[in-house]
Amino acid sequence: MPPQYRYQQIAEDMVNRIKSGEFPPGSRLPSRAELCEQYEVSSFVADRVYLMLKMHGLTESLPGAGVYVKESAPGQ
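Remember, predicted model here, so these are calculated numbers, not experimental data.

The subject of this paragraph is the nonpolar core. Ile10, Met14, Leu29, Leu35, Val49 and Leu53 are the most contacted members of the largest nonpolar core, which has 21 residues in total. Put simply, the parts of the chain that give this core at least two residues each are α1 (6-19), α2 (32-39), α3 (43-55) and β2 (66-69). Sequence-distant contacts of isoleucine 10, defined by excluding residues within four places in its chain, comprise Tyr39, Val41, Val45 and Val49.

Rendered as structure tokens:
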């Protein structure tokens, strides 16, 4: 298996955290700054993580309010 980019690893971890119930539907995910601090990555990487989660249909963004787990997230 080819190596993964860091944003892919983090996105996979976040998907697992969502599916495990750590972030239930409707809950707010960590902010970009919090994600950067937690995983020790740049804001560019954090943005890619949130983009991947959105592409998987797991999250929705509310401008000025944050990123939230969709109420009908796949795998919930």
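Still more ground to cover, so stick around.
Relative to the assigned elements, arginine 17 resides in helix α1. On the accessibility criterion, arginine 17 (13% relative accessible area) is buried.

Our next topic: the packing of aromatic side chains. Throughout the structure, instances matching the rule amount to one aromatic pair. Plain terms: the ring middles of tyrosine 5 and tyrosine 7 are 5.7 Å apart, the flat faces sit at 10° to each other, and that makes the pair stacked. The ring of tyrosine 7 has arginine 48 lying over it, and the distance from NZ or CZ to the ring centre is 4.2 Å.

The next thing to look at is the packing of α1 against α3. Interaxial distance between α1 and α3 falls to 9 Å at its minimum, and their mutual angle equals 50°. On the basis of their axis angle, the class for α1 and α3 is oblique. The handedness of the crossing between α1 and α3 is right-handed. Across the interface between the two elements, Tyr7, Gln8, Ile10, Ala11, Met14 and Val15 of α1 pack against Val45, Arg48, Val49, Met52 and Leu53 of α3. Its residues assigned to classes, the contact of α1 with α3 comprises nine nonpolar, one polar and one charged.

So, on to the pairing of β2. Sheet faces and side chains relate simply in a regular strand, where the side chains alternate between the two faces. In the sheet, strand β1 (residues 59-62) pairs with β2 via four bridges, with the strands oriented antiparallel. The residue of β2 that forms the bridge with serine 61 is valine 67. What sits between the antiparallel neighbours β1 and β2 is a turn of three residues, in which glycine 64 has the positive phi angle 80°.

For an α-helix, 3.6 residues make a turn, and residues three or four places apart therefore share a direction. Among all positions of α2, only Leu35, Cys36 and Tyr39 are buried. Projected down its long axis, α2 shows its buried positions confined to an angular sector of 100°, all on one face. Turned more than 90 degrees off the buried face of α2, the exposed positions are Ala33 and Glu37. Each element contacted by the buried residues of α2 is listed here: α1 and α3. Looking at the residues trailing α2, positive phi occurs at glutamate 40, about 55°.

About the criteria used
Residues numbered from 1 in each chain as written. Predicted model: local features only at pLDDT ≥ 70, side-chain atom pairs only at ≥ 80, totals over all residues. Heavy atoms only, no water. Core = buried A, V, L, I, M, F, W, Y, C linked by side-chain atoms within 4.5 Å. Buried < 20%, exposed > 50% of the residue type's maximum accessible area, 1.4 Å probe, protein only. Helix = DSSP H or I, 4+ residues; strand = E, 2+ residues; numbered from the N terminus. Contact = heavy atoms within 4.5 Å. Phe/Tyr/Trp six-rings, centres within 6.5 Å; stacked < 30°, edge-to-face > 60°. Lys NZ or Arg CZ within 6 Å of the ring centre and 35° of its normal. Axes fitted to C-alpha atoms, helices over the stretch in contact; angles between N-to-C directions. Parallel < 35°, antiparallel > 145°, perpendicular 65-115°, else oblique. Left-handed = near helix turned anticlockwise from the far one by under 90°. Nonpolar A, V, L, I, M, F, W, Y, C, P; charged D, E, K, R; others polar. Pairing = 2+ DSSP bridges. Arc of directions from axis to C-beta.

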